[in-house]
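Chain by chain, the residues run as shown.
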Amino acid sequence: MTDNTQRPDSGPISSTPELPTQYTPAEVEGELYERWVERGYFEADTKSDKPPYTIVIPPPNVTGSLHLGHAFQHTLMDALTRRKRMQGFEALWLPGMDHAGIATQNRVEQQLAEEGKSRHDVGREEFVARTWRWKEEYGGRILGQMRRLGDGVDWSRERFTMDEGLSQAVQTIFKKLYDDELIYRAERIINWCPRCMTAISDIEVDYQDDDGELVSLRYGDGEDSVVVATTRVETMLGDTAVAVHPDDARYAHLIGRRIKLPLTDRTIPVVADAHVDPEFGTGAVKVTPAHDPNDFAIGRRHSLESLTIMDERAVITVPGPFQGLDRFEARSAIVEALREQGRVVAEKRPYVHSVGHCSRCKTTVEPRLSLQWWVRVEPLARAAGDAVRDGRVKIHPADMEKRYFDWVDNMHDWCISRQLWWGHRIPVWYGPNGEQVCVGPDEQPPSGEGWTQDSDVLDTWFSSALWPFSTLGWPEQTPDLAKFYPTDVLLTGHDIIFFWVARMMMFGLYAMDGTPPFHTIALTGLVRDEHGKKMSKSFGNVVDPLTWMDAYGSDAVRFTLARGANPGADVPIGEDWVQASRNFANKIWNATRFALMNGATVTGPLPAPEEMSAADRWVLSRLNTVVAEIDALYDDYQFAKLSDALYHFAWDEVFDWYVELSKTTFLKGGDPARVSGRVLGEVLDVTLRLLHPIVPFVTETLWTTLTGRETVVTAAWPADSGFRDAAAEAEIAEVQRLVTEVRRFRSDQGLQPGQKVPAELSLTGTLLAPHEDAIRQLLRLQPAGDGFHATATLPVGAARVALDLSGAIDVAAERKRLTKDLAAAEKEKQQAERKLGNEAFLGKAPEKVVQGIRTRLAAADEDIARITAQLAALPAA
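One structure accompanies this document, and this report is about it. (Residues numbered from 1 in each chain as written. Predicted model: local features only at pLDDT ≥ 70, side-chain atom pairs only at ≥ 80, totals over all residues. Heavy atoms only, no water.)

**Structural notes on the sheet that holds strand β15 (residues 366-375)**
Strand pairing in a sheet relies on backbone hydrogen bonds, with the paired strands running either antiparallel or parallel.
Argument step 1. One open sheet holds the four strands; their spatial order is β7-β6-β15-β17, and the pairing between them is antiparallel. Across the chains shown, the open sheet's two edge strands, defined by having one partner strand only, are β7 (198-200) and β17 (414-415).
Argument step 2. As judged from the 10 bridges shared by strand β6 (residues 183-193) and β15, these two strands associate in the antiparallel manner. Residue Arg188 lies in a different strand from β15, and its bridge partner there is Ser370. (Pairing = 2+ DSSP bridges. Helix = DSSP H or I, 4+ residues; strand = E, 2+ residues; numbered from the N terminus.)

**Notes on the packing of aromatic side chains**
Argument step 1. According to the stated counting rule, one finds 28 aromatic pairs in the structure shown.
Argument step 2. With a centroid separation of 5.2 Å and an interplanar angle of 80°, the aromatic rings of Trp132 and Trp422 are classed as edge-to-face. Highlighted residues: Trp132 in helix α5 (residues 124-138) and Trp422 in the loop between β18 (417-418) and β19 (428-430), separated in sequence by 290 residues.
Argument step 3. For Trp132, a relative accessible area of 29% gives the class partly exposed.
Argument step 4. For the pair Tyr634 and Trp717, a centre-to-centre distance of 5.9 Å together with 80° between the ring planes defines the contact as edge-to-face. Of this pair, Tyr634 sits in helix α19 (residues 614-635) while Trp717 sits in the loop between α22 (696-707) and β27 (719-720), placing them 83 residues apart in sequence. By the burial criterion, Tyr634 is buried, and Trp717 matches it.
Argument step 5. These aromatic residues form a ring-pair network of at least three members: Phe174, Tyr178, Trp373, Trp414, Phe462 and Phe507.
Argument step 6. Between the NZ or CZ atom of Lys135 and the centre of the ring of Phe160, over which it lies, the distance is 4.4 Å. (Phe/Tyr/Trp six-rings, centres within 6.5 Å; stacked < 30°, edge-to-face > 60°. Buried < 20%, exposed > 50% of the residue type's maximum accessible area, 1.4 Å probe, protein only. Lys NZ or Arg CZ within 6 Å of the ring centre and 35° of its normal.)

**Section: the nonpolar core**
Argument step 1. Core analysis: the largest hydrophobic core is formed by 148 residues, its most contacted members being Phe639 and Leu738.
Argument step 2. Residue contributions to this core peak at 15 residues, all from helix α20 (residues 639-668).
Argument step 3. Contact partners of Phe639, with chain neighbours within four places excluded, come to Leu76, Ala79, Leu80, Leu491, Ala562, Ala565 and Tyr634.
Argument step 4. By size, the runner-up hydrophobic cluster in this structure holds 65 residues, among which are Leu177, Trp373, Ile497 and Phe518. (Core = buried A, V, L, I, M, F, W, Y, C linked by side-chain atoms within 4.5 Å. Contact = heavy atoms within 4.5 Å.)

**Topic: the pairing of strand β12 (residues 267-272)**
Argument step 1. Strand direction decides the pairing type here: strand β10 (residues 241-244) and β12, joined by three bridges, are parallel. Directly across from Val242, in β12, lies its bridge partner Val270.
Argument step 2. Where strand β11 (residues 258-260) meets β12, three bridges bridge the pair, whose relative direction is antiparallel. Each residue of the ladder has a partner; that of Ile259, found in β12, is Ile268.
Argument step 3. Between β11 and the antiparallel strand that follows it, β12, lie six residues; Leu263 among them carries a positive phi value of about 65°.

**Looking at unusual backbone geometry**
Argument step 1. Geometrically, the link from His396 to Pro397 is a cis peptide bond, its omega value of 0° lying close to zero.
Argument step 2. Assignment of secondary structure puts Pro397 in the loop between β16 (394-396) and α11 (401-408).
Argument step 3. For the bond from Tyr485 to Pro486, the omega torsion is 0°, close enough to zero to count as cis.
Argument step 4. Within the element layout of this structure, Pro486 appears in the loop between α14 (479-484) and β23 (487-493).
Argument step 5. The backbone of Glu181 sits at a positive phi, close to 60°, despite the residue not being glycine.
Argument step 6. Assignment of secondary structure puts Glu181 in the loop between α7 (164-179) and β6.
Argument step 7. On the accessibility criterion, Glu181 (59% relative accessible area) is exposed.
Argument step 8. One non-glycine residue with positive phi stands out, namely Leu263, at about 65°.
Argument step 9. Here Leu263 lies in the loop between β11 and β12.
Argument step 10. The exposure class of Leu263 is partly exposed, given its relative accessible area of 26%.

**Some points on the sheet that holds strand β13 (residues 284-287)**
Argument step 1. With respect to topology, four strands assemble into an open sheet ordered β11-β12-β10-β13, the strand pairing being mixed. Looking at strand neighbours, the two that pair on one side only are β11 and β13, the edges of this open sheet. Adjacent strand axes in the sheet meet at a mean angle of 30°, parallel and antiparallel pairs treated alike.
Argument step 2. The strands that helix α8 (residues 293-302) touches are β10, β12 and β13; relative to β13, the one it contacts most, it runs at about 85°. (Axes fitted to C-alpha atoms, helices over the stretch in contact; angles between N-to-C directions.)

This is the structure:
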């Protein structure tokens, strides 16, 4: 009925031990994981003739620890690779870490500061050596945490972005890009972090609204004066022009003339530039080419001088009274000096405006003219866009394509140099006579007096962009590269489309002769708290996933995260939901214990359908439907829907219905019990295999116990056999309908779930007749004995259930309670009808409000009908 074929490597059948009464994750998870690793279940074989399936892990920072975002994405990647491994693919999930240039260097510099030293005190060589030692001692904590989560990665292939092979890849592609004139060195305005003391890229700048000040200043005197406004008054020391629109009649007489720059002994020209918006402010703007990207462009167009007025720490370097002041100190001092000269025309504070901050240390970024290395991205970005447009790469969900195209179609040249010591040093040497030589990995750098290597290192994202192919051995043509490239899917958050995804696309297509690095980009949302709020230390809502793993087990955390994973959408998560997932694991455990105690087996073929009960055929029919549904949802990356489908099938249909319906069969014994035992074994076997990729620990324990085999990790993934039984499904649907209706009535009458009640069942001639024993068991209905008096009769389709509630409930108290509820429902109905009958109200009220009242009226009508029926069903006083 289902494909229960086992893969040869899933292990031999052994004796079946008993399960403990309770599942304790902490007692099994660590031991199980180490056994999986020791037996090599996660190691991919390059020589295998199986089709490959490859995912490379988004490399976490060597400085990092596992947060919920990691746990979320790792759960989904693990689910994908575990399923493919079970489907017979040679699955490789490749792990590794990123060297995290700025973050790691900051950690080591903090250590040095505790010793009263700076990196310059120990020198570059010793600093880099200390950083490697730090990495070996403290880095990689997250790798152990990945084991706790159950990541089925191939640890034998673990990589690090600064290991020897990846460093060779970095040097190789730099040389190739350099020779193809796609890397160049130039002075440009860059984002400079005075705290990290390095350039950072546009996408490493976080913008936020800050309270600042807008100061209007008068430059020049009399008719030769103009008013400009700025939020960064200190930059006026580097002004080399004032710009106005060429068609602005107000300033036509000033264009081409020079005016006095306050607080200096310089005069600056007034230039005409179409960039200026005459409608904004005074229509005149100060131009500081060395400290503003727009001003830099104006300066280029008008051949203006670029004056750098700050050093790397954002301290003023211009000789005079402000020299040595921090930029913010200088801002206040300069405003005061201009005020004393009568140059301040207006001041507005607070003035809320968008200000860039370093994404790592939150320091206000300073635009700064600097000589840096750049990637000429236009042809690379065009290729990255084309690969998605022509279908070679799919983005999932498809509505995320727009964000991708918005970035790659409008990408600026990429500043790749960083003023750090930890990282891949730029492989360019400078000679004593202005020579510049780029050196490949197999080439000797120039030697002799006066030759020096560029002191900068490459942006961390430069090496990360090579990750899908450098980790497989590129630039060497290795067996791994031939077998596992291109990778199948990149699963990552939509927040790093710009940082990482687009750059991997650019470099993968460039280095691998037009072959993209992955077939599919599956984008996820971000994990948020249970109220949908961003997790932040400042909000106090950050959760350490290890805390939840300790309390509820790794499977509970994994299932909760997967159940919230709708494509591209953010994932709210709260502890209550993790507890619910723990309860689900316990439910699976208890159901399997019940099955084992009642003779459930997986040995031998399934009985023929004619030997089975309707419940047996129903559950197998539903099982095959669910197998097909889960496969389709996996292929569409619908983790939330497939997790929900598995949850409801396992809990609602298997445990709450099939197991309960089978209890009377098991009690009676004989051939029906043997048949149902084989069916129950089959259903649990398949269900556990379907669940395994998401909840690997509890399913491994239960499946190996149920089947006696070595591991579910390499067992065959279930296949839909095509078996369906519409008649059995209709029959059990009738049972469910009757049981549900009577349960609802019992609840309405205030009966306790376990309270037994005498009843007569009229089931003759209906599909329900064969199920009377099971129905009585499910509904706690006793046979109608002597003195039976039907006080309530419930028609359900062609069946009738007569109940004797005398003595089971306090009729007078129940009638009083229902009468009170009926009065409240009738009052609610009257109020709603009064409002809906008021034309004046309907004419003024918003449609949403009116619709709400209509909904209340419908609910009141339903309540009245339900309560009236309950009152009628009560025994006579």
